[in-house]
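Per-entry structural report
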Amino acid sequence: AYCSPDGRLWVTYDGLSVIDPGADELRSLEAYEGDRRFVIDLALDVSPGPDATLWLSTMRGILRFDGRTSQIRRYQHDPNDKTTLSDNYVLQTYTDRNGSLWVATRAGLNRLVSDANDHAVFRRYGLNDGLPDITIEAIVSDAQGRLWVGTGRGVARWDPTQDRFQSYLPAD
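Bear in mind the structure is a predicted one, so any value in this text is a computation, not a measurement. (Residues numbered from 1 in each chain as written. Predicted model: local features only at pLDDT ≥ 70, side-chain atom pairs only at ≥ 80, totals over all residues. Heavy atoms only, no water.)

**Some thoughts on the overall build of the chain**
A tally of regular secondary structure across the chain gives 0 helices and 18 strands. The C-alpha atoms of the chain give 17 Å as radius of gyration, which agrees with the globular expectation for 172 residues (16 Å, within 12%). Along the three orthogonal principal directions, the C-alpha set of the chain runs to about 50 × 40 × 25 Å. Counting the 172 residues in the chain, one finds 40% classified as buried. Residue pairs at least 24 apart in sequence account for 39% of intrachain contacts in the chain once pairs closer than 6 positions are excluded. Carbon together with sulfur atoms contributes 47% to the accessible area of the chain, which is approximately 9,600 Å² in total. Treating the 19 positive side-chain charges of the chain as one cloud and the 25 negative ones as another, the clouds have centres 4 Å apart. (Helix = DSSP H or I, 4+ residues; strand = E, 2+ residues; numbered from the N terminus. Rg over C-alpha atoms; globule rule 2.2 N^0.38 Å. Buried < 20%, exposed > 50% of the residue type's maximum accessible area, 1.4 Å probe, protein only. Contact = heavy atoms within 4.5 Å. Areas by Shrake-Rupley, 256 points an atom, 1.4 Å probe, with all protein chains shown as cover. Lys, Arg positive; Asp, Glu negative; His and termini not counted. Charge placed at Lys NZ, Arg CZ, Asp CG, Glu CD.)

Below, the structure is given as structure tokens:
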């Protein structure tokens with residue numbers, strides 16, 4: 001769930017739904033991909049995006065929803081393109097204080113590097129980049145703005161100067 005600055009509560013219930021300030025019921029939203037109605041299903045999480053858009057984490061990739069136009073843009077894994085998401089099963093999206101989108105999947109962490117000319121480019125992070133595990137369960141920034149990720153085997157902090165992670169594991 002995500003509470004936007006205007007007081008609306010966005011939830012991934014039966015697709016994408018919202019509770020407006022002062023309302024007493026959950027309202028389901030319609031989405032479109034071009035002129036075609038788009039059914040949002042298998043959504044797991046919602047987070048804020050740029051320009052009042054929302055990022056939806058789904059079991060089929062991520063979706064960017066524009067609430068002004070009800071338009072959806074899909075981002076999915078392509079096994080033949082290493083610049084796409086590392087996996088379609090997305091557990092969380094997170095936008096850091098620099099505006100970078102991070103995507104937690106069951107097969108690694110992804111950072112949106114470029115989104116020009118209708119072609120998104122993601123940087124993938126895995127074990128070789130210092131992560132303790134490839135299933136990323138949480139992404140958060142601390143008070144200093146440092147990015148942390150949580151996995152089933154430990155946590156890791158991103159070093160932007162090295163573009164790598166430092167893992168912190170439980171004692172054996």
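From this point on, the discussion continues.
**Let's talk about the packing of aromatic side chains**
Per the stated rule, a full pass over the model turns up 7 aromatic pairs. Between the aromatic rings of Y125 and F165, the centroid separation amounts to 5.4 Å while the plane-to-plane angle is 85 degrees, which identifies the pairing as edge-to-face. Pair noted here: Y125 is in strand β14 (residues 119-125) and F165 is in strand β18 (residues 164-168), with a separation of 40 residues, a long-range link. Here Y125 and F165 have matching classes, each one buried. An angle of 40 degrees between the planes, with centres 5.6 Å apart, marks the rings of W148 and Y168 as tilted. Taken together, the positions of W148 in strand β16 (residues 147-151) and Y168 in strand β18 put the pair 20 residues apart, joining distant regions of the chain. These aromatic residues form a ring-pair network of at least three members: W102, Y125, W158 and F165. Over the face of the ring belonging to Y89 we find R106, whose NZ or CZ atom lies 3.9 Å from the ring centre. (Phe/Tyr/Trp six-rings, centres within 6.5 Å; stacked < 30°, edge-to-face > 60°. Lys NZ or Arg CZ within 6 Å of the ring centre and 35° of its normal.)

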